[in-house]
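Take a look at the letters that make up each chain.
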Amino acid sequence: MKLVGIVGTNSARSTNRKLLQFMAKHFAEQAEIEVLEIKQLPAFNEPKDKQAPEVVAAFSQKIADADGVIIATPEYDHTIPAPLASALEWIAYTSRVLINKPVMIVGASLGSLGSSRAQAHLRQILDAPELKARIMPGLEFLLGHSEQVLDGDCNLTDSEKTAELEEHFAEFQEFVTLTKQLVKPADTERKRTFAWEAVE
């Protein structure tokens, strides 16, 4: 199974990046997980021709080629970081590669809450008509006090949280497989042609 993990922030010290790097290493025998950065993407600026800049197009293609997506988001002011929102805007306005794509949401925070509000908000965003991702239901992985449990080598040292993540990841793999069986290409193409202008 080929997956991509999106680091939902441009912060250099992000523990969400460490969490995805841990997942890529820990689950290497179950899936290939490529960690993608959003820090090189420009801020969203609506192009008149609806053509994405080359770096955005390459980012979108990585998502298109993957069987599923993992998004690791921190929480800033009870929501997702602006760079992640900007990256999703680029996708919504140009490639729409997240439509019907299986998505798993995880989050780490320095405090105790583990990005719970940001994850809830991200679910709402991903359900927008231009994104319409297939979000893993009933799953919420919240890693609090992340600097204490993710070491310098990106190892998750909390055995209980590791076991929880293993359980969630196994469920996500099943979700990806089921989604591929259920989703019809015609449905994906129909949703990609959605336009607000056509809504009366």
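Residues numbered from 1 in each chain as written. Predicted model: local features only at pLDDT ≥ 70, side-chain atom pairs only at ≥ 80, totals over all residues. Heavy atoms only, no water.

- Looking at an unreviewed UniProt entry, one finds the protein named NAD(P)H-dependent oxidoreductase, with Streptococcus chenjunshii as its source organism.

## Concerning the overall build of the protein
Step number 1: Of the regular secondary structure elements, the protein holds seven helices and six strands.
Step number 2: In the protein, the succession of helices and strands from N to C terminus is β-α-β-α-β-α-β-α-β-β-α-α-α.
Step number 3: Judged by the C-alpha coordinates and their principal axes, the protein covers about 50 × 35 × 30 Å.
Step number 4: Within the span of the protein, comprising 200 residues, buried residues form 46% of the whole.
Step number 5: Taking all contacts inside the protein whose residues are at least 6 apart in sequence as the whole, residues at least 24 apart take part in 80%.
Step number 6: For the protein, the exposed area adds up to about 10,100 Å²; of that, 51% sits on carbon and sulfur atoms. (Helix = DSSP H or I, 4+ residues; strand = E, 2+ residues; numbered from the N terminus. Buried < 20%, exposed > 50% of the residue type's maximum accessible area, 1.4 Å probe, protein only. Contact = heavy atoms within 4.5 Å. Areas by Shrake-Rupley, 256 points an atom, 1.4 Å probe, with all protein chains shown as cover.)

## Observations regarding the packing of aromatic side chains
Step number 1: Scanning the entire structure with this criterion turns up four aromatic pairs.
Step number 2: On the numbers, 4.0 Å between centres and 15° between planes, the contact of phenylalanine 27 with phenylalanine 169 is stacked. With phenylalanine 27 in the loop between helix 1 (15-26) and strand 2 (32-36) and phenylalanine 169 in helix 6 (residues 159-182), the pair connects residues that are 142 residues apart, well separated along the chain. As far as the burial class goes, phenylalanine 27 and phenylalanine 169 line up, both buried.
Step number 3: Over the ring of tyrosine 93 we find lysine 50; its NZ or CZ atom is 5.2 Å from the centre of that ring.
Step number 4: Lying across the ring of phenylalanine 141, lysine 161 places its NZ or CZ 4.9 Å from the centre. (Phe/Tyr/Trp six-rings, centres within 6.5 Å; stacked < 30°, edge-to-face > 60°. Lys NZ or Arg CZ within 6 Å of the ring centre and 35° of its normal.)

## What to know about helix 1
Step number 1: The terminal C-alpha atoms of helix 1, which comprises 12 residues, lie 16 Å apart, in line with the 16 Å expected from a rise of 1.5 Å per residue.
Step number 2: Within the span of helix 1, buried status applies to Thr15, Asn16, Arg17, Leu19, Leu20, Phe22 and Met23.
Step number 3: Between a side-chain oxygen at the N-terminus of helix 1 and the backbone nitrogen of asparagine 16 the separation is 3.0 Å; the capping residue is serine 14. (Expected span 1.5 Å × (residues − 1). Polar contact = N/O pair within 3.5 Å; in protein donor to acceptor, adjacent residues only side chain to side chain.)

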